[in-house]
Amino acid sequence: MEKRILVVEDEASVREGLLEALSDGGYEVHGVGTGEEALERLKAEKWSLCVLDVKLPGQSGFWVCRKLREESRTPVLFLTAFSEEANVVRGLELGGDDYVTKPFRLKEFLSRVQALIRRSEFSQDVARAGSGGGTSAGTAGAGSSANGERYWESGAFRLNLKNRKLEQHGEEVLLTPKESQMVYLFMGAWPEAVEREELIRTVWDRDGQFIEDNTVRVHVSRLREKLGSFGGRSCLETVRGVGYRWNLPVERQDER
C-alpha cells in the first residue's frame, strides 16, 4: 500500500516544496495550511506520517499533536524554527516522534521521514505477527500466559510482545511508538546496557547521521518520567560512556 503523508505548513512555498520532494520520493502526499484542517483530516483518514509545522495560524502544531494523540499513534515529525530545547521538549512530550529545525537540508528531512515510517511499520508488523520471537537485542526470554500471549515481566511492569503494550500494576502505560520500541530494546538487552549507537540505529535511523544528541536525551528523559521510579531508583540507568540500561531484573514467566 502506498505510504500517505500529510504536510501541515502554512507557508505555501515551503509546503509545495516539501510536497514535491516527498512525491518525487514515491509517497502519496497532501498538504494543508492550518491546524484545524490538519486535525480534521488526520482523524478522518489513515496516514503513514504527519509532517507538522509548530507555528501555524490559529491552533498551533502542538495543539494538533496533543489532540491527535488522544486517539491515534500516527507518527509526527515536527518542523520548527525554534532551536531552544524547551520547544523541542514540549513537542516530544506531547507525543511527537522527531523534529527537524528550519532551515534544514532536504536529505536530512527525507531521511527522518523514511526512518519514522520504517519504525512505525515495523511496530505494526510485530503486533500483527504476535509471535514475539526473533529479537537479537535481548538475553531475556518470553513467557506465555494461558491465552497464548507472550510477554516479559520486570518488577511491576509487564510488556506484551504481541502489541508492545506496557502495563504497570495492571494499568497500561501510554507510550508513543518510539517509546514502545525503546522499552522493548532496553528490557530485551537486560542485564546489559544498550549502547547509544545501537539505540539510534534501532529506534531512529540505521546510520544515525542525522540524529542529534538532544533528540536521544529528550526521548529518554520523557520515557523515564512515564516509567517513574522503583524502590527509590530510576527504571532506566545512564551508563556513562556507553548508553542506557534497564535497571530492574527481567523475568520469564516459566522461570519463576
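Structure: see above.
Our subject in this report is the structure included herewith. (Residues numbered from 1 in each chain as written. Predicted model: local features only at pLDDT ≥ 70, side-chain atom pairs only at ≥ 80, totals over all residues. Heavy atoms only, no water.)

On to the sheet that holds strand β11 (residues 194-195). Strand order across the open sheet formed by 3 strands is β11-β15-β14, with antiparallel pairing between neighbours. Of all the strands in the sheet, the pair left with one neighbour each is β11 and β14 (236-239). Note that β11 and strand β15 (residues 243-246) share 2 bridges and pair antiparallel. Bridging across to β15, Val194 finds its partner in Tyr244. In the packing of helix α6 (residues 177-189) onto the sheet, the strands contacted are β11, β14 and β15, and the crossing angle to β15 comes to about 75°. (Pairing = 2+ DSSP bridges. Helix = DSSP H or I, 4+ residues; strand = E, 2+ residues; numbered from the N terminus. Contact = heavy atoms within 4.5 Å. Axes fitted to C-alpha atoms, helices over the stretch in contact; angles between N-to-C directions.)

One finds Phe186, Leu199 and Trp246 to be the most contacted residues of the largest nonpolar core, which totals 29 residues. Where this core is concerned, the elements lending two or more residues are β8 (157-160), α6, α7 (196-203), α8 (213-227) and β15. Residue contributions to this core peak at 7 residues, all from α6. Apart from the residues lying within four places of it in its own chain, the contact partners of Phe186 are Val194, Leu199, Leu223, Leu236, Tyr244 and Trp246. With 23 residues, the next largest nonpolar core counts Leu6, Leu42, Trp47 and Phe78 among its residues. (Core = buried A, V, L, I, M, F, W, Y, C linked by side-chain atoms within 4.5 Å. Buried < 20%, exposed > 50% of the residue type's maximum accessible area, 1.4 Å probe, protein only.)

Geometry of an aromatic ring pair is reported as the spacing of the ring centres plus the angle between the planes. Summed over the entire model, instances satisfying the criterion amount to 5 aromatic pairs. Ring geometry for Phe186 against Tyr244: centres 6.3 Å apart, planes inclined by 65°, an arrangement best described as edge-to-face. With Phe186 in helix α6 and Tyr244 in strand β15, this residue pair connects regions lying 58 residues apart in the sequence. When the ring centre of Tyr151 is taken as reference, the NZ or CZ atom of Arg158 above it lies at 3.8 Å. The ring of Tyr184 carries Arg164 above its face, with NZ or CZ at 3.5 Å from the centroid. (Phe/Tyr/Trp six-rings, centres within 6.5 Å; stacked < 30°, edge-to-face > 60°. Lys NZ or Arg CZ within 6 Å of the ring centre and 35° of its normal.)

For helix α2 (residues 35-44), the complete set of buried residues consists of Gly35, Ala38, Leu39 and Leu42. Burial along α2 is one-sided: seen end-on, the buried residues are contained in an arc of 95°. Looking at α2, the residues exposed on the side facing more than 90 degrees away from the buried face are Glu40 and Ala44. (Arc of directions from axis to C-beta.)

Our next topic: the pattern of salt bridges. Counting across every chain of the model gives 14 salt bridges. The partner of Glu71 in a salt bridge is Lys43, and the shortest N-O contact between them spans 3.6 Å. In this pair, Glu71 sits in the loop between α3 (61-68) and β4 (76-80) while Lys43 sits in helix α2, placing the two residues 28 residues apart along the sequence. On the accessibility criterion, Glu71 (52% relative accessible area) is exposed. Residue classification places Lys43 among the partly exposed positions, given a relative accessible area of 42%. Residues Glu153 and Arg158 are paired through a salt bridge, measuring 2.5 Å at the closest nitrogen-oxygen approach. One network of salt bridges, in which partners are shared, links Arg4, Glu28, Arg41 and Glu45. (Salt bridge = Lys/Arg side-chain N within 4 Å of Asp/Glu carboxyl O.)

Let's shift gears to the environment of Lys102. Mapped onto the fold, Lys102 is located in the loop between β5 (98-101) and α5 (106-129). Its relative accessible area of 22% is what places Lys102 among the partly exposed residues. Distance from Lys102 to Asp53, taken between C-alpha atoms, is 9.9 Å for residues 49 residues apart in sequence. Looking at Lys102, its side chain comes within polar contact range of the side chain of Glu9, at 2.9 Å. Only 3.2 Å separates the side chain of Lys102 from the side chain of Asp53, close enough to count as a polar contact. (Polar contact = N/O pair within 3.5 Å; in protein donor to acceptor, adjacent residues only side chain to side chain.)

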